[in-house]
Amino acid sequence: MAQSDFFEQVYQVVRLVPKGRVTSYGAIAAYLGAKSSSRLVGYAMNGSHQQQPPVPAHRVVNRKGLLTGKVHFAHPHHMQELLEAEHIQVINDQVVDFEKLFWDPAIELAL
DNA sequence: AAGGTGACAGTTT
DNA sequence: TAAACTGCCACCT
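Source: prediction; values computed, not measured. (Residues numbered from 1 in each chain as written. Chains lettered and ligands numbered in written order. Predicted model: local features only at pLDDT ≥ 70, side-chain atom pairs only at ≥ 80, totals over all residues. Heavy atoms only, no water.)

A look at the nonpolar core
Let me state the cut-off plainly: Take the buried residues of types Ala, Val, Leu, Ile, Met, Phe, Trp, Tyr and Cys, join any two whose side-chain atoms come within 4.5 Å, and each joined set is a nonpolar core. Note on classification: 1.4 Å probe, protein chains only; a residue is buried when its accessible area is under 20% of the maximum for its type, exposed when over 50%, partly exposed between these limits. By the criteria applied, helices consist of DSSP H or I runs no shorter than four residues and strands consist of E runs no shorter than two, each listed in order from the N terminus.
Membership of the largest hydrophobic core comes to 24 residues, with the highest contact counts inside it found for L83 and V95. Listed by contribution, the elements that provide at least two residues to this core are α1 (6-15), α2 (25-31), α3 (38-44), β2 (60-61), α4 (78-85) and α5 (98-101). Here this core takes 4 residues from α1, the largest share from any one element.

Spelled out as structure tokens, the structure:
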């Protein structure tokens, strides 16, 4: 295997998130079998900006649907704009109908 | 080499 | 009820 670090695994899953959908750090961690390491998922996104192809980190939010990682983007408001560009409503840094737009890899990719 | 960090999540007070 | 603390484990300095 190549340098398939935990980060690489996270990037792969995030890139599988369909457009117009969102997922949570815990869901990705759980899919990787490390639900207890949800923080690692967020930490992994730290280098997602320099990954190629780009990782849609804007589709990843915390369990509450809050855009907690928006501050890590080029500009704090960039994340919301990206979500709105995908027809995802974001109010007060929170994804509207988060439960409906939620995309769980453990379920969607299980098929 | 060893220790500290953190874009979370669950539990407890 | 809401707010605060702890656990967690790979990456970074």
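Some remarks on unusual backbone geometry
Cis geometry marks the peptide bond from Q52 to P53; its omega dihedral reads 0 degrees. Position of P53 relative to the elements: it lies in the loop between α3 and β2. Of note in this structure, H87 is not a glycine but carries a positive phi near 70 degrees. Turning to its location among the elements, H87 is positioned in the loop between α4 and β3 (90-91). The phi dihedral of N92 is positive, around 55 degrees, even though this residue is not glycine.

Concerning the protein's contact with DNA strand B
What counts is decided by this rule: We call a residue near a molecule or strand when any one of its heavy atoms sits within 4 Å of it. Residues adjacent in sequence count toward polar contacts only when both atoms are side-chain atoms; beyond that, a polar contact is any pair of N or O atoms within 3.5 Å, and within protein one must be able to donate a hydrogen and the other to accept it. Any residue outside Ala, Val, Leu, Ile, Met, Phe, Trp, Tyr, Cys, Pro, Asp, Glu, Lys and Arg is labelled polar, Gly included; the first ten of those are nonpolar and the last four are charged.
Neighbouring DNA strand B are 19 residues, the closest being M45, H49, R63, G69 and H72. Backbone sugar and phosphate groups make up 54% of those atoms of DNA strand B lying within 4 Å of the protein. A distance of 2.9 Å separates a phosphate oxygen of DNA strand B from a polar atom in the side chain of H72. Residue classes in the surface near DNA strand B are distributed as 6 nonpolar, 11 polar and 2 charged.

Re a nonpolar patch on the surface
Note the threshold: Residues with no salt bridge and a relative accessible area higher than 30% make up the patches, which join like charges within 9 Å and nonpolar side chains (Val, Leu, Ile, Met, Phe, Trp, Tyr) within 5 Å. Method for areas: the Shrake-Rupley scheme with a 1.4 Å probe, in which residue coverage is limited to the protein chains shown. Each salt bridge in this description consists of a side-chain nitrogen of Lys or Arg and a carboxyl oxygen of Asp or Glu lying within 4 Å of one another.
Where nonpolar side chains cluster on the molecular surface, the patch consists of L16, Y31 and L109 and spans about 250 Å² of accessible area. As for its position among the elements, L109 is in the segment after α6 (105-108).

Quick look at the protein's contact with DNA strand C
Every residue near DNA strand C is listed here: D5, F6, F7, S36, S37, R39, L40 and Y43. When the atoms of DNA strand C within 4 Å of the protein are sorted by group, sugar and phosphate make up 56%. Contacts to DNA strand C include S37, whose side-chain N or O atom sits 3.3 Å from a sugar or linking oxygen. Here R39 contributes a side-chain N or O atom positioned 2.7 Å from a base oxygen of DNA strand C. Those elements that provide at least two residues to the surface near DNA strand C are α1 and α3. Looking at the surface near DNA strand C, the element that brings in the most residues is α3, giving 3 residues.

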